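Each chain is listed here by its residues.
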Amino acid sequence: MTTRIACLGDSLTRGQLSADYLDLLQRRRPPGDVRLARFAVNGDFAHNLSRRLDAVVADVPDVITVLIGTNDARASLPGYPVERAMKRKQLPQRPSADWFQQGLQAVVERLRTQTDATIALLSLPVLGQQLDGAAARASQAYSRMIAEVATTTKAAYLPLHERQTEELRHADPPPIPYRAPTPAESVSVLVRRAVLRRSLDTVSRRRGLVLTTDHIHQNSRGAGLVAEVIDTWLSTRSA
């Protein structure tokens, strides 16, 4: 029997600027075992996701995975263009940790009441690759909030941040400081990928990055860990 899985998120789930973890997850499962549906918008905050759940409910999924919060975490870092993000994403207030938790809880509560799906919340990918840096600490702090929401709402918690932290410690990467990509740099990655046929992994290697192309978006190794964490949970769930 095919399991219908709705994957919710931001650009990491959209798979344009990141390697596509949905594709990698599909490859890990037996043929016909899962049907994956993507519900993702680049740049979304938890608030944005909470406002676009009608399509998810209408899809009638068996399982829902939620990977959201990277942009909320980034907004807590010095130098993040908060006002520009608020205008672009039509946010009614400045992003904050409390507002993130409220938004994520609203997502789970609506999905819980309007679907029969099993809901799983993923912790965030590591921002940057300096585990003692401010960006990585922000992704860790927001991941802890995700764990709290999962406990409160009785959703499953999938430890992506912990798995990526383990991978980075094992890799012992060069201490390249975190620097958020500009919109122009994001477009440049798309051009290199579409026109010059350069893979995201090539971009990563040239920049000395292990799991990402730009400290945020995932290369195939980073996206592979997303797929691994979901696949491991699915296997445990169906055992």
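This text follows the structure it describes.
Residues numbered from 1 in each chain as written. Predicted model: local features only at pLDDT ≥ 70, side-chain atom pairs only at ≥ 80, totals over all residues. Heavy atoms only, no water.

With respect to the pairing of strand β3 (residues 63-67)
Working step 1: Counting buried positions over the 5 residues of β3 gives 5, a clear majority of the element.
Working step 2: What you see with β3 is no split at all: V63, T65 and L67 on one side and I64 and V66 on the other are buried throughout.
Working step 3: Bridge count for strand β1 (residues 3-9) against β3 is 5 bridges, and the pairing is parallel. Within the sheet, the bridge partner assigned to I5 lies in β3 and is V63.
Working step 4: Here β3 runs beside strand β4 (residues 118-122); their pairing, made up of 4 bridges, is parallel. Within β4, the residue paired with T65 across the bridge is A120. (Buried < 20%, exposed > 50% of the residue type's maximum accessible area, 1.4 Å probe, protein only. Helix = DSSP H or I, 4+ residues; strand = E, 2+ residues; numbered from the N terminus. Pairing = 2+ DSSP bridges.)

Quick word on the pairing of β4
Working step 1: With 4 of 5 residues buried, β4 lies mostly within the body of the structure.
Working step 2: Note that β4 and strand β5 (residues 156-158) share 3 bridges and pair parallel. Across the sheet, the residue bridging to L121 is Y157, located in β5.

Regarding the pattern of salt bridges
Working step 1: Under the criterion given, the structure shown has 15 salt bridges.
Working step 2: Note that R38 is salt-bridged to D20, the shortest N-O span being 2.9 Å. Here the residue R38 occupies a position in strand β2 (residues 34-40), and D20 occupies one in the loop between α1 (11-14) and α2 (21-28), the gap between them amounting to 18 residues.
Working step 3: Here R221 ties to E167 by a salt bridge, and the two come within 3.1 Å at their closest N and O atoms. Remark: E167 occurs in helix α9 (residues 160-171) and R221 occurs in helix α12 (residues 220-238); sequence separation between them is 54 residues.
Working step 4: The class of R221 is partly exposed, set by a relative accessible area of 37%. (Salt bridge = Lys/Arg side-chain N within 4 Å of Asp/Glu carboxyl O.)

Things to note about the packing of aromatic side chains
Working step 1: Enumeration over the complete set of coordinates arrives at 1 aromatic pair.
Working step 2: Measuring from ring centre to ring centre gives 5.2 Å for F100 and Y142, while their planes differ by 50°; the resulting arrangement is tilted. Here the residue F100 occupies a position in helix α7 (residues 97-114), and Y142 occupies one in helix α8 (residues 134-153), the gap between them amounting to 42 residues. The exposure classification of F100 matches that of Y142, with both residues buried. (Phe/Tyr/Trp six-rings, centres within 6.5 Å; stacked < 30°, edge-to-face > 60°.)

A few points about the nonpolar core
Working step 1: If you look at the biggest cluster of nonpolar residues, it comprises 33 residues, and the most contacted ones within it are L8, V56, I64, V66, L104, L111 and L121.
Working step 2: Of all the elements in the fold, those that place two or more residues in this core are β1, β2, α3 (46-50), α4 (54-59), β3, α7, β4 and α8.
Working step 3: With 7 residues, the single largest contributor to this core is α8.
Working step 4: Residues in contact with I64, not counting those within four places in the same chain, are A6, L8, V56, L111, T115, A117, T118, I119 and A120.
Working step 5: Counting residues in each nonpolar core, the second largest holds 29 residues, with C7, L168, L200 and V226 among its members. (Core = buried A, V, L, I, M, F, W, Y, C linked by side-chain atoms within 4.5 Å. Contact = heavy atoms within 4.5 Å.)

Focus: the side chain of N71
Working step 1: You can see N71 is positioned in helix α5 (residues 70-74).
Working step 2: Residue class for N71 comes out buried when judged on its relative accessible area of 6%.
Working step 3: Side-chain polar atoms of N71 contact the backbone oxygen of D44, separated by 2.9 Å.
Working step 4: Other than its neighbours up to four places away in sequence, N71 contacts D10, G43, D44, F45 and Y80. (Polar contact = N/O pair within 3.5 Å; in protein donor to acceptor, adjacent residues only side chain to side chain.)

Some details on the environment of Q26
Working step 1: On the secondary structure map, Q26 appears in helix α2.
Working step 2: Taking the C-alpha atoms as reference, Q26 lies 8.5 Å from A227; in sequence the two are 201 residues apart.
Working step 3: Residues in contact with Q26, not counting those within four places in the same chain, are V34 and L36.

Topic: α9
Working step 1: Taking 1.5 Å of rise per residue, the 12 residues of α9 would be expected to cover 16 Å, and the 16 Å separating its terminal C-alpha atoms lies within 8% of that figure.
Working step 2: After α9 finishes, the residue D172 shows a positive phi value of roughly 50°. (Expected span 1.5 Å × (residues − 1).)

Quick look at the sheet that holds β1
Working step 1: What the 5 strands build is an open sheet, ordered β2-β1-β3-β4-β5; its pairing is parallel. Two strands lie at the open edges of the sheet, namely β2 and β5, each paired on one side alone. Each strand of the sheet is rotated relative to its neighbour by a mean of 25°, with strand direction disregarded. (Axes fitted to C-alpha atoms, helices over the stretch in contact; angles between N-to-C directions.)

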